[in-house]
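Close look at the chain arrangement
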Amino acid sequence: MSVVQKGADGLGRGIDDRLGSSNFVRRSLNKVFPDHWSFMLGEIALYSFIILLLTGTYLALFYTPSLAEVVYDGSYLPLKGVTMSEAYASTLHISFDVRGGLIMRQIHHWAALLFVASIAVHLMRVFFTGAFRKPREINWVIGVGLLVMAILEGFAGYSLPDDLLSGTGARIASGIMLSIPVAGSWAAFLVFGGEYPGTELLDRLYIAHVFIVPLAILGLITVHMMMIWYQKHTQFAGPGRTEHNVVGSRLYPVYAAKAGGFFFLVFGVLALLGGLAQINPVWLYGPYDASQVSAGSQPDWYIGFLDGSTRLMPNWELYLGGYTLSLNVLLPTVVMPGLIFTAMALYPWIESHFITKDKRAHNLLDRPRDVPTRTAIGVASLTFYIVLMIGGGNDVIASIFNLSINQMTWALRILCIIGPPIAFVITKRICLSLQKSDEHLLHHGIESGTIRRLPTGEFVEETVPLPAQYRLGIKGAAGDHAALEGGHDEPGQVAVVTHDEPRTKGFFRPKGVSRVDPEQAERTEVGALEPSGKPGAPPQ
């Protein structure tokens, strides 16, 4: 044994003698994670957040969050001698005079967009596969909270450069606050430090952006990861996969190697984007002037739906006792997003208590086609969101395609109402059709390419049963997954019995599509198994 090995063993024994950590470390290293590409979406969000922290720390060394006016005397000649805020001047300094400053700014911005996008897509994966069901309802709420925090964090960072585009966004935020009855004016004065534009906005946004919101996001991510670690990961139905185990790769060494490589892949893509794809060129917009607005102003994509909802909202106002209630701002920017995020957070309980009445714990995921109504609800919601996103760029679209902006606005208003129901019906019918196709495959099998002549002279093509992995994948999403429950004869093998519980039918699983029990599934060798029992325990 080498000196290094002896030293490492001695250090390990010393730590274990004092902390008793060997059992925890052993269980942690044997933790099993399923192998499926969709589970990497959450990892993208985590890695993007890490990159945001690293690049944000570098940018904070050179940024000055001050609205005090200075005369620019930096390297960018078109703005030389122009009066601007210290915040905007420091942003130009980072972009043109700090070594590596521009690429850091752009990596930071791209990472922010990817962070919000990966959270949104990860939530969609969780929703469409039913991963939010008991016992993971709280983790779903945490995910929704992360999305809200990410949007707030993005808006705060977007406003810090104090250029003409970000200043327009801050002015819109001021109008949204003022539309709130009673408390709105107090909130606006608190945030801006007085009448708009105030003098304290950037100081307060800076503290929120670099300390308060990141700390909240870090806390939510930590709780999220702890709950995943304790509850074990969900997985799709398949050979050897039951409600009481996890099939996949152990944390060490396979999953750790994959995760490390994937982190550098995400970092590499963001570095390429930061170096090759220009984003947010603040020097082209100029310093913020409250009397000016940039033509064709567009926020980052995650705020686009609020911009669109405001543009599509009719000009409704309500006059009460000498006060004006601006419904054209309050409803689309405060009430609507509040209802949307509240409904998202409460959806697991809405489904389990009022629709399916299913209070059981679920560790195997649904295929979207097997829960057509839930899938249709999700697609209808996405349709509504996409229409609002398009509405946020109605002026740019109308200008490019030479359309009437008024006609386009009215078309989008109508589409907001009729689009989601149409999408709901079409999606549900597609899911039911896919179920029928699965039934045909389970009952008749697949074509073998062999032609046989019957005694009557008729020629028919023989079919063969679906391979076990596909039969179990189709059947496993249909009910209680009893066909996947079996005893362990040998390590790494699972015996699968033939019995399959009838599928739960009703609003979320419509009648009219029955399941056909296929032949007994063959024994299938699987990867690492995390059996039922204490979470994180190694295979027995």
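Parameters and conventions
Residues numbered from 1 in each chain as written. Predicted model: local features only at pLDDT ≥ 70, side-chain atom pairs only at ≥ 80, totals over all residues. Heavy atoms only, no water. Phe/Tyr/Trp six-rings, centres within 6.5 Å; stacked < 30°, edge-to-face > 60°. Helix = DSSP H or I, 4+ residues; strand = E, 2+ residues; numbered from the N terminus. Buried < 20%, exposed > 50% of the residue type's maximum accessible area, 1.4 Å probe, protein only. Lys NZ or Arg CZ within 6 Å of the ring centre and 35° of its normal. Pairing = 2+ DSSP bridges. Salt bridge = Lys/Arg side-chain N within 4 Å of Asp/Glu carboxyl O. Core = buried A, V, L, I, M, F, W, Y, C linked by side-chain atoms within 4.5 Å. Contact = heavy atoms within 4.5 Å. Expected span 1.5 Å × (residues − 1). Polar contact = N/O pair within 3.5 Å; in protein donor to acceptor, adjacent residues only side chain to side chain. Axes fitted to C-alpha atoms, helices over the stretch in contact; angles between N-to-C directions. Parallel < 35°, antiparallel > 145°, perpendicular 65-115°, else oblique. Left-handed = near helix turned anticlockwise from the far one by under 90°. Nonpolar A, V, L, I, M, F, W, Y, C, P; charged D, E, K, R; others polar.

All right, on to the packing of aromatic side chains then. Throughout the structure, instances matching the rule amount to 20 aromatic pairs. Measuring from centroid to centroid gives 5.6 Å for Tyr 63 and Tyr 206, while their planes differ by 35°, and the two rings are tilted. Taken together, the residues span a long stretch of sequence, with Tyr 63 in the loop between helix 3 (40-60) and strand 2 (69-71) and Tyr 206 in helix 9 (residues 201-231) at a distance of 143 residues. A relative accessible area of 11% places Tyr 63 in the buried class. Ring plane angle 80° and centroid distance 5.4 Å describe the contact between Phe 127 and Phe 128, whose orientation is recorded as edge-to-face. Residues Phe 127 and Phe 128 agree in their burial class; the two are buried. Among the aromatic residues, ring-to-ring pairing joins Phe 127, Phe 128, Phe 132, Trp 140 and Tyr 347 into one connected group. Its end group placed over the ring of Trp 229, Lys 31 keeps NZ or CZ at 5.7 Å from the ring centre. We note Arg 171 situated over the ring of Tyr 196; from NZ or CZ to the ring centre the distance is 4.4 Å.

Here we come to the pairing of strand 5 (residues 246-250). Counting buried residues in strand 5 gives 4 out of 5 residues, a clear majority hidden from the surface. Inspection of the sheet shows strand 1 (residues 32-34) paired to strand 5 by 3 bridges, in the antiparallel sense. What sits directly across from Pro 34, in strand 5, is Gly 248.

On inspection of all chains with the given rule, the structure shows 12 salt bridges. Across the pair Lys 258 and Asp 35 runs a salt bridge whose closest N-O atoms are separated by 3.3 Å. Here Lys 258 is found in helix 10 (residues 251-276), whereas its partner Asp 35 is found in the loop between strand 1 and helix 3, with 223 residues between them in sequence. Assessed through its relative accessible area of 45%, Lys 258 is described here as partly exposed. Residue Asp 35 is classed as partly exposed on the basis of its relative accessible area of 41%. Look at the salt bridges and you will find they share partners, linking Arg 133, Glu 351, Asp 366 and Arg 374 into a network.

So, on to the nonpolar core. Counting 47 residues, the largest nonpolar core has Phe 115, Ile 119, Trp 140, Leu 147, Ile 151, Ile 217 and Val 266 as its most contacted members. Listing elements by their share of this core, those giving two or more residues are helix 3, helix 5 (101-129), helix 6 (137-159), helix 9, helix 10 and helix 13 (327-355). By residue number, the principal contributor to this core is helix 5, which donates 11 residues. Among all residues touching Ile 217, those that are not within four sequence positions of it are Phe 49, Phe 115, Leu 146, Met 149, Ala 150 and Glu 153. Counting 17 residues, the second-largest nonpolar core is a separate cluster that includes Leu 201, Leu 205, Tyr 206 and Tyr 288.

In this structure, Val 329 sits in helix 13. Using a relative accessible area of 21% as the deciding quantity, one classes Val 329 as partly exposed. Val 329 sits 153 residues away from Ile 176 along the chain, and the two C-alpha atoms are 6.3 Å apart. If near-sequence neighbours (up to four positions away) are discounted, Val 329 is found in contact with Gly 175, Ile 176, Ser 179 and Val 334.

A separate point is unusual backbone geometry. Here the residue pair Lys 134 and Pro 135 is connected by a cis peptide bond, since its omega of 10° sits within 30 degrees of zero. Of note, the amide linkage connecting Tyr 252 to Pro 253 takes the cis form, showing an omega dihedral of 5°. Its identity as a non-glycine residue notwithstanding, Asn 280 has a phi of 50°, on the positive side. Following the sequence through the fold, Asn 280 ends up in the loop between helix 10 and helix 11 (282-285). Judged by its relative accessible area of 12%, Asn 280 is buried.

When the terminal C-alpha atoms of helix 7 (residues 164-178) are compared, their 21 Å separation across 15 residues agrees well with the 21 Å that a helix rising 1.5 Å per residue should span. The buried count for helix 7 comes to 11 of 15 residues, which makes it a mostly enclosed element. Elements in contact with the buried residues of helix 7: helix 6, helix 8 (183-192), helix 9, helix 11 and helix 13. Between the side-chain oxygen at the start of helix 7 and the backbone nitrogen of Leu 165 there is a gap of 3.0 Å, and the oxygen is on Asp 163.

On to the packing of helix 5 against helix 10. Two elements in contact, helix 5 and helix 10, have axes whose closest approach is 8 Å; the angle formed by their N-to-C orientations is 125°. The orientation of helix 5 with respect to helix 10, classified from their angle, is oblique. Relative to helix 10, helix 5 is oriented so that their crossing is right-handed. Mapping the contact onto sequence places Ile 103, Gln 106, Ile 107, Trp 110, Ala 111 and Leu 114 in helix 5 and Val 266, Leu 270, Ala 271, Leu 273, Gly 274 and Gly 275 in helix 10. Considering only residue class, the contact of helix 5 with helix 10 consists of 9 nonpolar, 3 polar and no charged.

Geometric values such as these leave the question of function open.
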